[in-house]
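Each chain is listed here by its residues.
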Amino acid sequence: MKLLLIYLVIVNVIGFIIMAVDKHKAKHHTWRINEKSFFLISLIGGSLGTIIGMYTFHHKTKHWYFVLGLPIILLGQVGLWSLYQGWI
């Protein structure tokens, strides 16, 4: 359980950081992070960090698939966790 929590913290920090890096790159018209990478990080547990990064840096907020997709991933993860814990 403790390892899972550490993993989730790390992957969410990574999700937050890649949003910041991609926003910085967008402002400077340089190499960008592939959008699939954001969804991959979100799917492996970093959805909350990616969402927080998206709104903190005002990045990808005009793309419907980010605005809707990332929260749907997060809700699915919360639902799975709830089932696993026996809360549902």
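Residues numbered from 1 in each chain as written. Predicted model: local features only at pLDDT ≥ 70, side-chain atom pairs only at ≥ 80, totals over all residues. Heavy atoms only, no water.

A. The side chain of His59, seen in detail. Note that His59 resides in the loop between helix H2 (35-56) and helix H3 (64-67). In this structure His59 comes out as buried when scored by relative accessible area, which is 6%. Contacts of His59, omitting those with residues within four sequence positions, involve Met19, Asp22, Lys23, Ala26, Arg32 and Met54. (Helix = DSSP H or I, 4+ residues; strand = E, 2+ residues; numbered from the N terminus. Buried < 20%, exposed > 50% of the residue type's maximum accessible area, 1.4 Å probe, protein only. Contact = heavy atoms within 4.5 Å.)

B. Main features of unusual backbone geometry. Look at His58: it is not a glycine, yet its phi comes out positive at around 50°. Note on placement: His58 falls in the loop between H2 and H3. A positive phi angle, near 70°, is found at Lys60, a position not held by glycine. With respect to the helices and strands, the residue Lys60 is situated in the loop between H2 and H3. The class for Lys60 is buried, based on a relative accessible area of 8%.

C. View of a nonpolar patch on the surface. Where nonpolar side chains cluster on the molecular surface, the patch consists of Met1, Leu4, Tyr7, Leu8, Leu40, Leu43 and Ile44 and spans about 680 Å² of accessible area. Only helix H1 (2-27) and H2 provide two or more residues apiece to the nonpolar patch. Tracing the chain through its elements places Leu4 in helix H1. (Patch = residues over 30% accessible without salt bridge, like charges linked within 9 Å, V, L, I, M, F, W, Y side chains within 5 Å. Areas by Shrake-Rupley, 256 points an atom, 1.4 Å probe, with all protein chains shown as cover. Salt bridge = Lys/Arg side-chain N within 4 Å of Asp/Glu carboxyl O.)

D. Quick look at the packing of aromatic side chains. Under the defined criterion, the tally for this structure stands at six aromatic pairs. Ring geometry for Phe38 against Phe66: centres 5.8 Å apart, planes inclined by 80°, an arrangement best described as edge-to-face. Of this pair, Phe38 sits in helix H2 while Phe66 sits in helix H3, and the two are 28 residues apart along the sequence. For the pair Phe38 and Phe66, a shared accessibility class is recorded, and that class is buried. With 5.4 Å between their ring centres and 45° between their planes, Tyr65 and Phe66 make a pair best called tilted. (Phe/Tyr/Trp six-rings, centres within 6.5 Å; stacked < 30°, edge-to-face > 60°.)

E. Spatial organisation of the pattern of salt bridges. The tally for this structure, following the rule as stated, stands at three salt bridges. Of the charged contacts in the structure, one is a salt bridge between Asp22 and Lys60, with a shortest N-O distance of 3.8 Å. Within this pair, whereas Asp22 is found in helix H1, its partner Lys60 is found in the loop between H2 and H3, the two being separated by 38 residues in sequence. Here the two residues Asp22 and Lys60 agree in accessibility, since each one is buried. Of the charged contacts in the structure, one is a salt bridge between Lys60 and Glu35, with a shortest N-O distance of 3.0 Å. Of the two residues, Lys60 is situated in the loop between H2 and H3 and Glu35 in helix H2; the sequence distance between them amounts to 25 residues. Connected through salt bridges with shared partners, the residues Asp22, Arg32, Glu35 and Lys60 form a single ionic network.

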